[in-house]
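# What the coordinates show
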Amino acid sequence: MNYYQLAQEVIAGKIISNEEALALLNSKDDELLQLMDGAFVIRKHYYGKKVKLNMIMNAKSGYCPEDCGYCSQSSKSTAPIEKYPFITKEEILAGAKRAFDNKIGTYCIVASGRGPTRKDVNVVSEAVAEIKEKYGLKVCACLGLLKEEQAQQLKAAGVDRYNHNLNTSERHHAFITTSHTYEDRVNTVEIVKKHGISPCSGAIIGMKETKEDVVQIARALHQLDADSIPVNFLNAIDGTKLEGTKELNPRYCLKVLALFRYINPTKEIRISGGREINLGSLQPLGLYAANSIFVGDYLTTAGQEANSDYRMLEDLGFEIELTQQQEKAFC
């Protein structure tokens, strides 16, 4: 396959076929650099060499009634994680200041649970109003299944983006969780779109899905028109249903990132949870397909040292995308 030619065709508007998509995932390791070069042609066309930085604030940890097999916060998990109720507005604001000072453009307020309470939404709404005024950060909320009135309130408060991952293909969904449906997840994304909030939705790779499932989740996110697509690679945590699962290697992870770029050429593709342990020393290559990463820790697992990420971006010759207020403060 001529990956460069395919990239040019994608830029011109081509939607790759399922056969072509599977060919990307099944490509020979010897062709990996050619594949990533093609992905970079698309990425550079739409995003140049800029990288969006994101930071997670774990606003509520544990106590989740859902049975998601990958999650240490699930009611079915026995993982020894820190558990605490929803944090205060002041703690959310302190996290936003750290994000601003570390050149993070998108601040992600994440909470465990099936969905937020009225009090949770009120705390987030009050915090977001101050974050926008003080720091001008893009704010992404991730609070679980959302109701119409909750989406309306978050939009009015200034929430820019809402994350709710599809996680896997519709076919594979019941293997991962049975306490909510695939349609529940799609519905939440549609609700936030309806209320003018930018939709963020992605996948977790390495959960015993097939390559056809990977193609289908990438395709589903394209059809859903998610603006931001986090691609997570399973970090199998002891005490979860998927503990001990290890199906990934760095080369395959890069092929997955390339696939998501070819199928979602215009969208923000973010290398997310599990990148450190699954991509390993090949992490820099991932940014030839993706244009966004998380900096710092994840929900219940540690991330790479921030200085290592900044050095990686500098070594690549890439540029951190700053907010207007950050440009005034740092440039």
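We now turn to the structure provided with this report. Nothing here was measured: the structure is a model prediction, and the numbers come from that model.

### Some details on the pairing of strand 7 (residues 228–233)
Judged by how many residues are buried, strand 7 sits mostly within the fold: six of six residues are covered. Residues Ser-228, Pro-230 and Asn-232 of strand 7 are buried on one face, and the alternating residues Ile-229, Val-231 and Phe-233, pointing to the opposite face, are buried as well. As judged from the three bridges shared by strand 6 (residues 203–205) and strand 7, these two strands associate in the parallel manner. Each bridged residue has a counterpart across the sheet, and for Ile-205 the counterpart in strand 7 is Phe-233. Taken together, strand 6, helix 9 (residues 211–224) and strand 7 form a β-α-β motif whose crossover is right-handed. In terms of strand pairing, strand 7 meets strand 8 (residues 268–271) through four bridges, oriented parallel. Bridged to Ile-229 within strand 8 is Ile-269.

### Description of the environment of Asp-101
Relative to the helices and strands, Asp-101 is located in helix 4 (residues 89–101). A distance of 2.7 Å separates polar atoms of two side chains, one belonging to Asp-101 and the other to Lys-97.

### Examining helix 3 (residues 32–47)
A rise of 1.5 Å per residue sets the reference length of helix 3, with its 16 residues, at 22 Å; its end C-alpha atoms lie 22 Å apart and thus fit the reference within 8%. Of all the positions in helix 3, only Leu-32, Leu-35, Met-36, Gly-38, Ala-39, Phe-40, Val-41, Ile-42, Arg-43 and Tyr-47 are classed as buried. Positioned one or two residues after helix 3, Gly-48 has a phi angle of 60°, which is positive.

### Side note on the environment of Ile-81
Of note, Ile-81 is situated in the loop between strand 1 (50–60) and helix 4. Each residue touching Ile-81, except ones within four places of it in the same chain, is listed here: Ser-61, Gly-62, Ser-72, Gln-73 and Thr-300.

How each quantity is defined
- Residues numbered from 1 in each chain as written.
- Predicted model: local features only at pLDDT ≥ 70, side-chain atom pairs only at ≥ 80, totals over all residues.
- Heavy atoms only, no water.
- Buried < 20%, exposed > 50% of the residue type's maximum accessible area, 1.4 Å probe, protein only.
- Helix = DSSP H or I, 4+ residues; strand = E, 2+ residues; numbered from the N terminus.
- Pairing = 2+ DSSP bridges.
- Right-handed = clockwise from strand over helix to strand, strands pointing away.
- Polar contact = N/O pair within 3.5 Å; in protein donor to acceptor, adjacent residues only side chain to side chain.
- Expected span 1.5 Å × (residues − 1).
- Contact = heavy atoms within 4.5 Å.

Read these as spatial facts, not as claims about activity.
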